Amino acid sequence: MQHKHHKSDINLLNTLRPPESTFDIFYNWVFSYGKYIIFAIEFIVILLFVVKFITDQTYAIAYDKYKSLNQKLNSVAITNKVQVLGKYQSSMQTIIGLQGISYQPESILSEINKLIPANVYVNEVDFSNSAISISGTAQTYQELQDLNNNFVNDSKYFSSVEIPQLSNSNLVGNNNINYSLTANVKTHLL
């Protein structure tokens, strides 16, 4: 018995393929590798959409809470400001009545504010019947001299102005000098 050998049984050569066109190369790449890339991109887009949706919802809730809290704080702040101003005015009227001050402290405070030079700070202002005393800090001796000059020369409200630190020559050049100023309120205001 003889065996018939088929020509296709033993083939050591690769089959020859005709050259592929650009479309064939693109088509093979899209359906072999490209489909995975496109799937990954679609997955990322859907994931970003979900994240944006969740973030927008969270932001909207947080903004609403912030807005309502801000409105509550503003109303509380306005109420507190009105209460403080009311208490301040009633306290000032009480002080005026108790101390027998016959001038308006708000006009004196306004005048003091005009007379204070830059870099001179006021910590406390005390009123008595015919005098005031101011305490605070200045950065230089020259600023204390300017403060004294303002009160003596530029004020229509004060007389007998005294700053004891001006007589102390050791203060020249020092920073943050504590000062006290006393002055009489002029009699035509009383």
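For the structure given in this document, a descriptive report is provided here.

Definitions and limits used
- Per chain, the residues get numbers from 1 upward, laid out in the order the sequence is written.
- Per-residue local features are limited, in this predicted model, to residues with pLDDT of at least 70; the limit for side-chain atom pairs, both in listing and counting, is 80 or more; totals at the level of whole chains, interfaces and linings are taken over all residues.
- Each side-chain value is derived from all of the structure's non-hydrogen atoms; neither hydrogens nor water enter the calculation.
- Think of it this way: any DSSP run of H or I at least four residues long counts as a helix, any run of E at least two long counts as a strand, and we number them from the N terminus.
- Each residue gets one of three labels from its accessible area relative to the maximum for its type: buried under 20%, exposed over 50%, partly exposed in between, using a 1.4 Å probe on protein chains only.
- In plain words, nonpolar cores are sets of buried Ala, Val, Leu, Ile, Met, Phe, Trp, Tyr and Cys residues tied together by side-chain atoms within 4.5 Å.
- Between rings of Phe, Tyr and Trp, where Trp is taken as its six-membered ring, a pair exists when centres lie within 6.5 Å; planes separated by under 30 degrees are stacked, by over 60 edge-to-face, and by other angles tilted.
- Patch rule: a residue counts if its relative accessible area is over 30% and it has no salt bridge; like charges are joined within 9 Å, and nonpolar side chains (Val, Leu, Ile, Met, Phe, Trp, Tyr) within 5 Å.
- Note that accessible areas follow from Shrake-Rupley with a 1.4 Å probe, and for residues the cover is restricted to the protein chains shown.
- Definition used for salt bridges: Asp or Glu carboxyl oxygen within 4 Å of a side-chain nitrogen of Lys or Arg.
- Any two strands with at least two DSSP bridges between them are considered paired.
- A fitted line through C-alpha atoms represents every axis, and for helices the fit uses only the stretch in contact; the resulting angles, taken between N-to-C directions, go from 0 to 180 degrees.
- Contacts between residues were defined by any pair of non-hydrogen atoms, one from each residue, lying within 4.5 Å.
- Residues scored as charged are limited to Lys and Arg (positive) and Asp and Glu (negative), so that His and the chain ends carry no count.

1. Details of the overall build of the protein chain
Looking only at helices and strands, one finds three helices and four strands in the protein chain. In the protein chain, the succession of helices and strands from N to C terminus is α-α-β-β-α-β-β. A buried classification covers 21% of the 190 residues belonging to the protein chain.

2. Digging into the nonpolar core
As a rule of thumb, nonpolar side chains are buried together in soluble globular proteins. One finds Ile132, Leu147, Phe151 and Phe158 to be the most contacted residues of the largest nonpolar core, which totals 21 residues. Breaking this core down by element, the ones donating at least two residues are α2 (105–115), β1 (120–127), β2 (131–138), α3 (141–153), β3 (158–162) and β4 (177–185). A per-element tally of this core places β4 first, with five residues.

3. Quick notes on the packing of aromatic side chains
Scanning the model with the defined rule gives five aromatic pairs in all. Aromatic side chains Tyr59 and Tyr63 sit 6.1 Å apart centroid to centroid with 20° between the ring planes, which places their arrangement in the stacked category. Within this pair, Tyr59 and its partner Tyr63 are both found in helix α1 (residues 22–99), separated by four residues, close to a single helical turn. We classify Tyr63 as partly exposed; its relative accessible area is 39%. Through successive ring pairs, a cluster of aromatic residues spans Phe23, Tyr27 and Phe31.

4. So, a nonpolar patch on the surface
A cluster of nonpolar side chains, Phe26, Trp29, Tyr33, Ile37, Ile41 and Val45, forms an exposed patch at the surface whose accessible area comes to about 660 Å². Mapped onto the elements of the fold, Val45 is located in helix α1.

5. A closer look at the sheet that holds β3
Pairing is antiparallel across the open sheet formed by four strands, whose spatial order is β1-β2-β4-β3. Across the chains shown, the open sheet's two edge strands, defined by having one partner strand only, are β1 and β3. Looking at each pair of strands side by side, their axes are set apart by 25° on average, direction ignored. Against the sheet, α3 engages β1, β2, β3 and β4, with an angle of about 10° to β4.

6. Remarks on the side chain of Glu111
Counting through the fold element by element, Glu111 comes out in helix α2. Although buried, Glu111 forms no salt bridge, and the nearest oppositely charged side chain, Lys114, lies 4.5 Å from it. Ignoring anything within four residues of it in the chain, the contact list for Glu111 reads Asp154, Ser155, Lys156, Tyr157 and Phe158.

Honestly, that's just the spatial picture; any functional story needs more than this.
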